[in-house]
Amino acid sequence: MNGFILVDKETGISSNSIVQCVKRKLKVKKVGHLGTLDPLANGLLILAINRATKFSSYFLESDKSYDVEIKLGIATDTDDSTGTIIHESKNYPESESVKKELFSFMGESMQVPPFFSALKHKGKALYKYAREGNFISKPPRKIFISKIEKFNYKNKICSFRVDCSKGTYIRSIARDIGNRLECGAHMTSLTRISQGNFRLENARKSSDVTKENIICIEDALKNFDKILLNTNDEKKFINGVLLSSPIKKDSLLRVFSKNNIFLGIGESKSHHLKHKQLV
(Lines give C-alpha, C1' and ligand atoms only; values in the text may rest on other atoms or scores of the structure.)
Protein backbone atom coordinates (compact mmCIF):
# COMPACT_ATOMS: atom_id res chain seq x y z
CA MET A 1 0.00 0.00 0.00
CA ASN A 2 2.95 2.31 -0.71
CA GLY A 3 3.19 3.77 -4.20
CA PHE A 4 1.56 5.98 -6.80
CA ILE A 5 -1.82 6.00 -8.52
CA LEU A 6 -2.62 7.71 -11.82
CA VAL A 7 -6.04 9.34 -11.78
CA ASP A 8 -7.92 10.78 -14.76
CA LYS A 9 -9.41 13.83 -13.06
CA GLU A 10 -12.72 15.12 -14.33
CA THR A 11 -13.59 18.78 -14.94
CA GLY A 12 -15.37 20.56 -12.09
CA ILE A 13 -13.71 18.63 -9.26
CA SER A 14 -10.88 19.95 -7.09
CA SER A 15 -7.63 18.01 -6.75
CA ASN A 16 -8.19 17.80 -2.99
CA SER A 17 -11.60 16.19 -3.56
CA ILE A 18 -9.89 13.48 -5.64
CA VAL A 19 -7.33 12.96 -2.86
CA GLN A 20 -10.06 12.51 -0.24
CA CYS A 21 -12.08 10.20 -2.51
CA VAL A 22 -9.14 7.87 -3.12
CA LYS A 23 -8.15 7.98 0.54
CA ARG A 24 -11.63 6.76 1.55
CA LYS A 25 -11.89 4.21 -1.25
CA LEU A 26 -8.55 2.54 -0.54
CA LYS A 27 -8.77 3.08 3.23
CA VAL A 28 -5.21 4.37 3.49
CA LYS A 29 -3.76 6.80 6.03
CA LYS A 30 -1.89 9.18 3.77
CA VAL A 31 -2.56 10.44 0.23
CA GLY A 32 -1.10 13.48 -1.50
CA HIS A 33 -0.99 14.77 -5.08
CA LEU A 34 2.09 15.51 -7.16
CA GLY A 35 0.97 18.83 -8.63
CA THR A 36 -2.54 20.22 -8.42
CA LEU A 37 -5.02 20.72 -11.26
CA ASP A 38 -7.56 23.55 -11.07
CA PRO A 39 -11.23 22.47 -10.94
CA LEU A 40 -11.62 23.66 -14.56
CA ALA A 41 -8.78 21.37 -15.69
CA ASN A 42 -8.94 17.63 -16.25
CA GLY A 43 -6.54 14.83 -17.05
CA LEU A 44 -3.59 13.26 -15.30
CA LEU A 45 -3.38 13.70 -11.52
CA ILE A 46 -0.68 11.63 -9.80
CA LEU A 47 -1.38 10.58 -6.21
CA ALA A 48 1.21 9.35 -3.71
CA ILE A 49 0.02 6.70 -1.23
CA ASN A 50 1.45 6.35 2.31
CA ARG A 51 5.28 6.14 2.27
CA ALA A 52 5.39 7.21 -1.38
CA THR A 53 4.54 10.76 -0.23
CA LYS A 54 8.18 11.01 0.93
CA PHE A 55 9.27 10.60 -2.69
CA SER A 56 6.90 13.20 -4.17
CA SER A 57 9.62 15.80 -4.63
CA TYR A 58 11.28 13.64 -7.32
CA PHE A 59 8.23 14.13 -9.53
CA LEU A 60 7.22 17.71 -8.69
CA GLU A 61 10.17 19.01 -10.71
CA SER A 62 9.25 17.02 -13.83
CA ASP A 63 8.01 18.55 -17.08
CA LYS A 64 4.34 18.35 -18.01
CA SER A 65 2.34 18.38 -21.24
CA TYR A 66 -1.16 19.75 -21.79
CA ASP A 67 -3.86 20.02 -24.43
CA VAL A 68 -5.11 23.60 -24.31
CA GLU A 69 -7.95 25.72 -25.68
CA ILE A 70 -7.88 29.51 -25.53
CA LYS A 71 -10.67 31.86 -26.54
CA LEU A 72 -9.70 35.15 -28.14
CA GLY A 73 -11.67 38.38 -27.70
CA ILE A 74 -12.56 38.05 -24.01
CA ALA A 75 -10.35 38.56 -20.95
CA THR A 76 -11.36 37.50 -17.42
CA ASP A 77 -10.00 38.29 -13.96
CA THR A 78 -8.97 34.64 -13.43
CA ASP A 79 -7.54 34.26 -16.96
CA ASP A 80 -9.89 31.30 -17.52
CA SER A 81 -13.59 30.70 -18.15
CA THR A 82 -14.45 30.54 -14.42
CA GLY A 83 -13.79 34.25 -13.94
CA THR A 84 -15.59 37.53 -14.42
CA ILE A 85 -15.26 39.19 -17.83
CA ILE A 86 -13.10 42.32 -17.57
CA HIS A 87 -12.61 43.07 -21.26
CA GLU A 88 -14.28 42.26 -24.59
CA SER A 89 -13.06 43.07 -28.08
CA LYS A 90 -14.30 42.75 -31.63
CA ASN A 91 -10.71 42.79 -32.82
CA TYR A 92 -10.24 39.15 -33.81
CA PRO A 93 -6.73 38.45 -35.11
CA GLU A 94 -5.92 36.23 -38.06
CA SER A 95 -4.61 32.71 -37.57
CA GLU A 96 -1.03 33.59 -38.54
CA SER A 97 -0.89 36.38 -35.94
CA VAL A 98 -2.17 34.06 -33.21
CA LYS A 99 0.28 31.34 -34.21
CA LYS A 100 3.20 33.78 -34.25
CA GLU A 101 2.45 35.04 -30.74
CA LEU A 102 1.90 31.54 -29.37
CA PHE A 103 5.16 30.17 -30.78
CA SER A 104 7.06 33.19 -29.45
CA PHE A 105 6.78 31.52 -26.02
CA MET A 106 9.09 28.69 -27.15
CA GLY A 107 12.20 28.38 -25.01
CA GLU A 108 12.97 30.23 -21.81
CA SER A 109 10.98 33.28 -20.71
CA MET A 110 9.79 35.12 -17.63
CA GLN A 111 6.12 34.71 -16.67
CA VAL A 112 3.95 36.67 -14.26
CA PRO A 113 1.67 34.25 -12.34
CA PRO A 114 -2.09 34.87 -12.39
CA PHE A 115 -3.75 36.79 -9.54
CA PHE A 116 -5.90 33.74 -8.85
CA SER A 117 -3.28 31.14 -7.92
CA ALA A 118 -2.21 29.06 -4.93
CA LEU A 119 1.07 30.96 -4.63
CA LYS A 120 1.48 32.52 -1.19
CA HIS A 121 1.85 36.12 -0.03
CA LYS A 122 2.55 36.51 3.69
CA GLY A 123 1.39 32.93 4.19
CA LYS A 124 -1.93 33.41 2.39
CA ALA A 125 -2.84 32.12 -1.09
CA LEU A 126 -3.11 34.79 -3.81
CA TYR A 127 -6.57 33.60 -4.87
CA LYS A 128 -7.89 34.37 -1.38
CA TYR A 129 -6.67 37.97 -1.67
CA ALA A 130 -8.12 38.19 -5.20
CA ARG A 131 -11.54 37.01 -4.01
CA GLU A 132 -11.46 39.90 -1.53
CA GLY A 133 -10.71 42.32 -4.37
CA ASN A 134 -7.03 42.65 -3.46
CA PHE A 135 -5.05 41.70 -6.58
CA ILE A 136 -1.43 41.00 -5.68
CA SER A 137 1.16 40.61 -8.42
CA LYS A 138 4.08 38.26 -7.84
CA PRO A 139 7.46 38.83 -9.52
CA PRO A 140 7.95 37.11 -12.91
CA ARG A 141 9.28 33.55 -12.74
CA LYS A 142 11.45 31.69 -15.21
CA ILE A 143 9.62 29.05 -17.28
CA PHE A 144 10.60 26.89 -20.24
CA ILE A 145 8.43 25.75 -23.15
CA SER A 146 10.09 22.84 -24.95
CA LYS A 147 7.42 22.03 -27.55
CA ILE A 148 4.22 23.43 -29.05
CA GLU A 149 2.31 21.31 -31.56
CA LYS A 150 -1.17 20.53 -32.94
CA PHE A 151 -1.94 24.24 -33.39
CA ASN A 152 -5.41 25.04 -34.67
CA TYR A 153 -7.40 28.27 -34.81
CA LYS A 154 -11.09 28.38 -35.69
CA ASN A 155 -14.08 30.46 -34.53
CA LYS A 156 -11.90 32.52 -32.15
CA ILE A 157 -10.67 29.32 -30.41
CA CYS A 158 -6.96 28.55 -30.42
CA SER A 159 -6.05 24.95 -29.51
CA PHE A 160 -2.61 23.36 -29.15
CA ARG A 161 -0.49 20.90 -27.17
CA VAL A 162 2.37 22.25 -25.05
CA ASP A 163 5.29 20.66 -23.19
CA CYS A 164 6.43 22.91 -20.36
CA SER A 165 8.50 23.15 -17.20
CA LYS A 166 7.29 23.02 -13.62
CA GLY A 167 5.58 26.22 -12.49
CA THR A 168 4.24 27.21 -15.92
CA TYR A 169 0.75 28.72 -15.80
CA ILE A 170 -1.10 28.05 -19.05
CA ARG A 171 -3.70 30.62 -17.98
CA SER A 172 -0.94 33.22 -17.98
CA ILE A 173 0.03 32.26 -21.53
CA ALA A 174 -3.62 32.81 -22.57
CA ARG A 175 -3.62 36.20 -20.82
CA ASP A 176 -0.35 37.27 -22.41
CA ILE A 177 -1.40 36.23 -25.92
CA GLY A 178 -4.57 38.29 -25.53
CA ASN A 179 -2.58 41.29 -24.31
CA ARG A 180 -0.05 41.09 -27.13
CA LEU A 181 -2.78 40.83 -29.75
CA GLU A 182 -4.73 43.62 -28.00
CA CYS A 183 -7.94 41.61 -28.01
CA GLY A 184 -7.92 39.81 -24.67
CA ALA A 185 -8.00 36.05 -24.21
CA HIS A 186 -8.68 33.41 -21.60
CA MET A 187 -8.21 29.68 -21.20
CA THR A 188 -11.35 27.61 -21.73
CA SER A 189 -9.99 24.07 -21.49
CA LEU A 190 -6.91 22.35 -20.04
CA THR A 191 -6.09 18.63 -20.08
CA ARG A 192 -2.88 17.31 -18.54
CA ILE A 193 -1.56 14.60 -20.88
CA SER A 194 1.64 13.67 -19.11
CA GLN A 195 3.93 14.40 -16.19
CA GLY A 196 7.45 13.04 -16.28
CA ASN A 197 7.23 9.39 -17.32
CA PHE A 198 3.53 9.07 -16.49
CA ARG A 199 0.82 9.22 -19.17
CA LEU A 200 -2.90 9.97 -19.10
CA GLU A 201 -3.73 6.81 -21.07
CA ASN A 202 -2.61 4.74 -18.08
CA ALA A 203 -4.84 6.61 -15.61
CA ARG A 204 -8.26 5.63 -14.22
CA LYS A 205 -11.23 7.62 -12.95
CA SER A 206 -11.09 8.08 -9.17
CA SER A 207 -14.22 5.95 -8.75
CA ASP A 208 -12.51 3.05 -10.53
CA VAL A 209 -9.13 2.93 -8.77
CA THR A 210 -8.22 -0.17 -6.75
CA LYS A 211 -5.22 -1.31 -4.73
CA GLU A 212 -4.07 -3.22 -7.81
CA ASN A 213 -3.53 0.10 -9.60
CA ILE A 214 -0.81 1.22 -7.19
CA ILE A 215 2.57 1.60 -8.90
CA CYS A 216 5.30 0.64 -6.43
CA ILE A 217 7.84 3.34 -5.59
CA GLU A 218 10.80 1.60 -7.23
CA ASP A 219 8.91 1.12 -10.53
CA ALA A 220 7.77 4.74 -10.56
CA LEU A 221 11.41 5.82 -10.30
CA LYS A 222 12.71 3.66 -13.15
CA ASN A 223 14.40 6.68 -14.72
CA PHE A 224 17.05 6.28 -11.99
CA ASP A 225 19.70 3.55 -12.38
CA LYS A 226 19.53 0.56 -10.03
CA ILE A 227 22.26 -0.82 -7.79
CA LEU A 228 22.36 -3.71 -5.28
CA LEU A 229 24.27 -3.59 -1.98
CA ASN A 230 25.75 -6.44 0.00
CA THR A 231 24.52 -7.02 3.56
CA ASN A 232 27.33 -5.03 5.18
CA ASP A 233 26.92 -2.00 2.88
CA GLU A 234 23.13 -2.19 3.21
CA LYS A 235 23.34 -1.55 6.95
CA LYS A 236 25.81 1.29 6.44
CA PHE A 237 23.61 2.84 3.75
CA ILE A 238 20.53 2.77 6.00
CA ASN A 239 22.53 4.34 8.85
CA GLY A 240 23.79 7.19 6.66
CA VAL A 241 27.40 6.01 6.35
CA LEU A 242 29.24 7.26 3.28
CA LEU A 243 30.04 4.39 0.89
CA SER A 244 32.24 4.07 -2.14
CA SER A 245 29.99 4.50 -5.17
CA PRO A 246 30.05 1.97 -8.02
CA ILE A 247 28.75 4.75 -10.28
CA LYS A 248 31.41 7.25 -11.26
CA LYS A 249 29.08 10.03 -12.41
CA ASP A 250 27.07 12.21 -10.01
CA SER A 251 23.49 10.93 -10.06
CA LEU A 252 20.52 9.67 -8.07
CA LEU A 253 20.11 5.89 -7.82
CA ARG A 254 17.53 3.32 -6.78
CA VAL A 255 19.23 1.29 -4.09
CA PHE A 256 18.28 -2.34 -3.34
CA SER A 257 19.47 -4.99 -0.90
CA LYS A 258 21.20 -8.11 -2.24
CA ASN A 259 17.76 -9.80 -1.98
CA ASN A 260 16.35 -7.14 -4.33
CA ILE A 261 14.39 -5.28 -1.63
CA PHE A 262 14.05 -1.56 -2.36
CA LEU A 263 15.82 0.51 0.30
CA GLY A 264 15.40 4.02 -1.07
CA ILE A 265 17.11 6.69 -3.16
CA GLY A 266 20.84 7.16 -2.90
CA GLU A 267 22.94 10.04 -4.15
CA SER A 268 26.21 9.24 -5.89
CA LYS A 269 28.50 12.25 -5.65
CA SER A 270 32.28 12.59 -5.98
CA HIS A 271 32.58 8.77 -6.15
CA HIS A 272 30.70 8.35 -2.86
CA LEU A 273 27.19 7.05 -2.11
CA LYS A 274 24.88 8.18 0.67
CA HIS A 275 21.17 7.73 1.25
CA LYS A 276 18.97 10.63 0.22
CA GLN A 277 15.53 9.17 0.96
CA LEU A 278 14.81 5.87 2.67
CA VAL A 279 11.59 3.91 2.35
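Up top is the structure.
Below: a short report on this structure. Every value quoted in this text rests on a predicted model; they were computed, and no experiment measured them.

**Comments concerning the side chain of Thr-191**
Within the secondary structure layout, Thr-191 lies in strand β12 (residues 185-195). Discounting residues that sit within four places of it in the chain, Thr-191 has contacts with Asn-42, Gly-43, Ser-65, Tyr-66, Asp-67 and Leu-200.

**Thoughts on the environment of Gln-20**
Along the chain, the position of Gln-20 falls in helix α1 (residues 15-26). When the C-alpha atoms of Gln-20 and Lys-205 are compared, they prove to be 14 Å apart, with 185 residues separating the residues in sequence.

**Considering the pairing of strand β1 (residues 3-9)**
Consecutive side chains of a regular strand alternate in pointing toward one face of the sheet and then the other. Counting buried residues along β1, seven of its seven residues qualify, which places the element largely inside the surrounding structure. Of the strand pairs in this sheet, β1 and strand β14 (residues 215-216) are connected by two bridges, and their pairing is antiparallel. Counted as the bridge partner of Phe-4 is Ile-215 from β14. The sheet contact formed by β1 and strand β3 (residues 42-49) spans seven bridges and is antiparallel. By the bridge assignment, Ile-5 is partnered in β3 with Leu-47.

**With respect to helix α3 (residues 95-103)**
Every buried residue of α3 is accounted for by Val-98, Glu-101 and Leu-102. Seen from one end, α3 has its buried residues packed into an arc of 100°, which puts them on one side. Across α3 from its buried face, at more than 90 degrees, point the exposed residues Glu-96 and Lys-100.

**Description of the nonpolar core**
The biggest cluster of nonpolar side chains holds 41 residues, and the ones touching the most others in it are Val-68, Ile-70, Leu-72, Cys-158, Val-162 and Ile-170. Sort the elements by how many residues they give to this core and strand β10 (residues 141-154) lands first, with five residues. With residues near it in sequence (within four places) discarded, Cys-158 still touches Val-68, Glu-69, Ile-70, Leu-72, Val-98, Leu-102, Phe-151, Asn-152 and Tyr-153. Ranked by size, the runner-up nonpolar core spans 21 residues in total, among them Tyr-58, Leu-200, Ala-203 and Phe-262.

**Side note on helix α7 (residues 231-238)**
Capping of α7 at its N-terminal end is provided by Asn-230; its side-chain oxygen lies 3.2 Å from the backbone amide nitrogen of Asn-232. Phi turns positive one or two residues past the end of α7, at Gly-240, with a value near 85°.

Conventions adopted
Residues numbered from 1 in each chain as written. Predicted model: local features only at pLDDT ≥ 70, side-chain atom pairs only at ≥ 80, totals over all residues. Heavy atoms only, no water. Helix = DSSP H or I, 4+ residues; strand = E, 2+ residues; numbered from the N terminus. Contact = heavy atoms within 4.5 Å. Buried < 20%, exposed > 50% of the residue type's maximum accessible area, 1.4 Å probe, protein only. Pairing = 2+ DSSP bridges. Arc of directions from axis to C-beta. Core = buried A, V, L, I, M, F, W, Y, C linked by side-chain atoms within 4.5 Å. Polar contact = N/O pair within 3.5 Å; in protein donor to acceptor, adjacent residues only side chain to side chain.

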